[in-house]
Amino acid sequence: MLTAAGVAVVDVDRPDRKTRRMKGKSDPIDAYAAATAVLAGRATGTPKSRDGVVEAVRVLRIARRSAVKARTQAMNQIRGLLVSAPAILREQVAGLDRAVLIRTLARVRPGGDLSRPLAATRASLRRLARRHQALDAEIAELDAEIGPLVQRAAPQLLELFGVGPETAGQLLASAGDNPERMRSEGAFAHLAGVAPIPASSGRTHRHRLNRGGDRAANNALHTIVLTRMRFDERTRAYVTHRTKEGLNKKDIMRCLKRFVAREVYRALTSTPTERITQTDLAPAA
């Protein structure tokens with residue numbers, strides 16, 4: 001609303017932990033620190049506009065993430081109940097995969113006397129299995145709603161190897177409806193927590209993982225890298241080459257995430273008519 005009214009809005013990071021420990025925390029203190037950061041020129045970030053398709057993707061993904069978490073919880077509770085269930089019940093479902101197990105438990109008949117542990121366990125498992133099925137349907141419905149929105153917002157992003165609707169949705173939500181607010185691919189790398197941090201000492205020259213930034217975006221890049229390391233021949237060749245040079249898997253993945261961040265940034269900031277292809281796995285000149 002402020003931006004629409006012509007008011008300049010600046011995105012300010014929270015104070016670092018050392019400053020908060022020294023000065024404490026309250027709304028007036030935080031407001032003063034934010035104002036000081038803006039006046040000193042330390043804070044110059046442009047906030048997300050939150051007025052387009054990407055914002056719609058973000059809010060729908062909140063419901064999806066909650067449903068996935070609840071489904072996982074239901075599955076864990078089912079397995080926990082089966083561990084302590086009577087032997088006759090465990091034997092009936094032994095060896096079944098998850099889908100068949102859920103369908104079987106959803107149809108089980110507990111019996112009329114719930115004072116018996118076997119009947120009570122069956123009743124509990126049936127309810128949890130039916131909850132799991134309901135959450136499956138909810139997640140599928142949300143996927144059907146989110147997929148077209150992601151395709152509409154960033155078709156070039158989905159063309160990249162290893163990028164699916166879920167990872168693309170998270171990267172879009174992290175970048176916002178106005179990805180141009182990120183001044184460069186380096187700024188996006190910092191946002192996603194994949195910008196290498198120098199960790200050299202003496203004659204040892206190396207970089208370490210960046211544990212800052214948007215961890216959800218970092219996880220999305222991590223998923224893309226894992227997919228490429230398994231199925232992309234160019235990436236597998238790169239891993240083999242860097243392994244021979246003495247890099248461990250963690251450092252190789254750090255490099256790969258930085259390269260993928262470059263591709264993602266170009267896809268996010270390109271025009272709809274531009275076609276984005278997987279770039280060479282080498283730093284830009």
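This text follows the structure it describes.
Just so it is clear, the structure is predicted and the values come from calculations on it, not from any experiment.

Draft legend 1. Main features of the side chain of Asp251. Assignment of secondary structure puts Asp251 in helix α12 (residues 249–269). Look past the residues within four positions of Asp251 in its chain and what remains in contact with it is Arg206 and His207.

Draft legend 2. Examining the packing of helix α8 (residues 165–175) against helix α10 (residues 215–231) more closely. Packing of α8 against α10 leaves a shortest axis separation of 9 Å and a crossing angle of 145°. Once α8 is placed against α10, the crossing between them reads as left-handed. Residues Thr167, Gln170, Leu171 and Ser174 of α8 lie in contact with α10, whose contacting residues are Ala216, Ala217, Ala220, Leu221, Thr223 and Ile224. Taken together, the residues of the contact of α8 with α10 break down into six nonpolar, four polar and no charged.

Draft legend 3. Spotlight on the packing of aromatic side chains. Overall, the coordinates contain two aromatic pairs when judged by the stated rule. Ring geometry for Phe188 against Tyr265: centres 6.5 Å apart, planes inclined by 35°, an arrangement best described as tilted. Remark: Tyr265 occurs in helix α12 and Phe188 occurs in helix α9 (residues 185–191); sequence separation between them is 77 residues. Residue Phe188 is classed as buried on the basis of its relative accessible area of 0%. What makes Tyr265 buried here is its relative accessible area of 13%. Relative to Phe259, the ring of Tyr238 has its centre 5.9 Å away and its plane inclined at 75°; by these criteria the two rings are edge-to-face. In this pair, Tyr238 sits in helix α11 (residues 233–244) while Phe259 sits in helix α12, placing the two residues 21 residues apart along the sequence.

Draft legend 4. Broad picture of the packing of helix α3 (residues 53–84) against helix α6 (residues 117–153). Remark: α3 packs on α6, axes separated minimally by 9 Å, with the N-to-C direction vectors making an angle of 155°. Of the possible angle classes, the one that applies to α3 and α6 is roughly antiparallel. Considering how the two elements wind past one another, α3 and α6 form a crossing that is left-handed. Split by residue class, the contact of α3 with α6 holds 24 nonpolar, three polar and nine charged.

Draft legend 5. Expanded view of the nonpolar core. The biggest cluster of nonpolar side chains holds 37 residues, and the ones touching the most others in it are Leu157, Leu171, Phe188, Leu221 and Val264. Every element with two or more residues in this core is listed here: α3, α6, α8, α9, α10, α11 and α12. Examining the composition of this core, we find that 11 residues originate from one element, α12, more than from any other. Leave out the neighbours within four places in its chain, and Val264 touches Leu157, Leu160, Leu171, Phe188 and Leu221.

Draft legend 6. Expanded view of the pattern of salt bridges. Scanning the model with the defined rule gives 10 salt bridges in all. The partner of Arg64 in a salt bridge is Glu166, and the shortest N-O contact between them spans 3.3 Å. Placement of the pair is Arg64 in helix α3 and Glu166 in helix α8, with a sequence separation of 102 residues. Classification of Glu166 by relative accessible area gives partly exposed; the value is 37%. Where Glu185 meets Arg262, a salt bridge forms, and the shortest distance between an N and an O atom there is 2.8 Å. Of the two residues, Glu185 is situated in helix α9 and Arg262 in helix α12; the sequence distance between them amounts to 77 residues. Considered together, Glu185 and Arg262 belong to a single accessibility category, that of buried residues.

Draft legend 7. Broad picture of α11. The end-to-end C-alpha distance of α11, which contains 12 residues, comes to 17 Å, matching closely the 16 Å that a straight helix rising 1.5 Å per residue would cover. Looking at the buried side of α11, the elements it contacts are α10 and α12. Within two residues after α11, Gly246 carries a phi angle of roughly 105°, on the positive side.

Draft legend 8. Summary view of a positive patch on the surface. A cluster of basic side chains, namely Arg206, Arg208, Arg211, Arg215 and Lys250, defines a positive patch on the protein surface. Structurally, Arg211 is set in the loop between β2 (207–208) and α10.

Draft legend 9. Focus on the environment of Ala140. Tracing the chain through its elements places Ala140 in helix α6. For Ala140, a relative accessible area of 46% translates into the label partly exposed.

Draft legend 10. Here's a closer look at the environment of Gly169. With respect to the secondary-structure elements, Gly169 resides in helix α8. Assessed through its relative accessible area of 0%, Gly169 is described here as buried. With 48 residues separating them along the chain, Gly169 and Ala217 place their C-alpha atoms 9.7 Å apart. Setting aside chain neighbours within four positions, we find Gly169 in contact with Val57, Arg61 and Val150.

Rules and cut-offs
- Residues numbered from 1 in each chain as written.
- Predicted model: local features only at pLDDT ≥ 70, side-chain atom pairs only at ≥ 80, totals over all residues.
- Heavy atoms only, no water.
- Helix = DSSP H or I, 4+ residues; strand = E, 2+ residues; numbered from the N terminus.
- Contact = heavy atoms within 4.5 Å.
- Axes fitted to C-alpha atoms, helices over the stretch in contact; angles between N-to-C directions.
- Left-handed = near helix turned anticlockwise from the far one by under 90°.
- Nonpolar A, V, L, I, M, F, W, Y, C, P; charged D, E, K, R; others polar.
- Phe/Tyr/Trp six-rings, centres within 6.5 Å; stacked < 30°, edge-to-face > 60°.
- Buried < 20%, exposed > 50% of the residue type's maximum accessible area, 1.4 Å probe, protein only.
- Parallel < 35°, antiparallel > 145°, perpendicular 65-115°, else oblique.
- Core = buried A, V, L, I, M, F, W, Y, C linked by side-chain atoms within 4.5 Å.
- Salt bridge = Lys/Arg side-chain N within 4 Å of Asp/Glu carboxyl O.
- Expected span 1.5 Å × (residues − 1).
- Patch = residues over 30% accessible without salt bridge, like charges linked within 9 Å, V, L, I, M, F, W, Y side chains within 5 Å.
- Areas by Shrake-Rupley, 256 points an atom, 1.4 Å probe, with all protein chains shown as cover.
- Lys, Arg positive; Asp, Glu negative; His and termini not counted.
- Charge placed at Lys NZ, Arg CZ, Asp CG, Glu CD.

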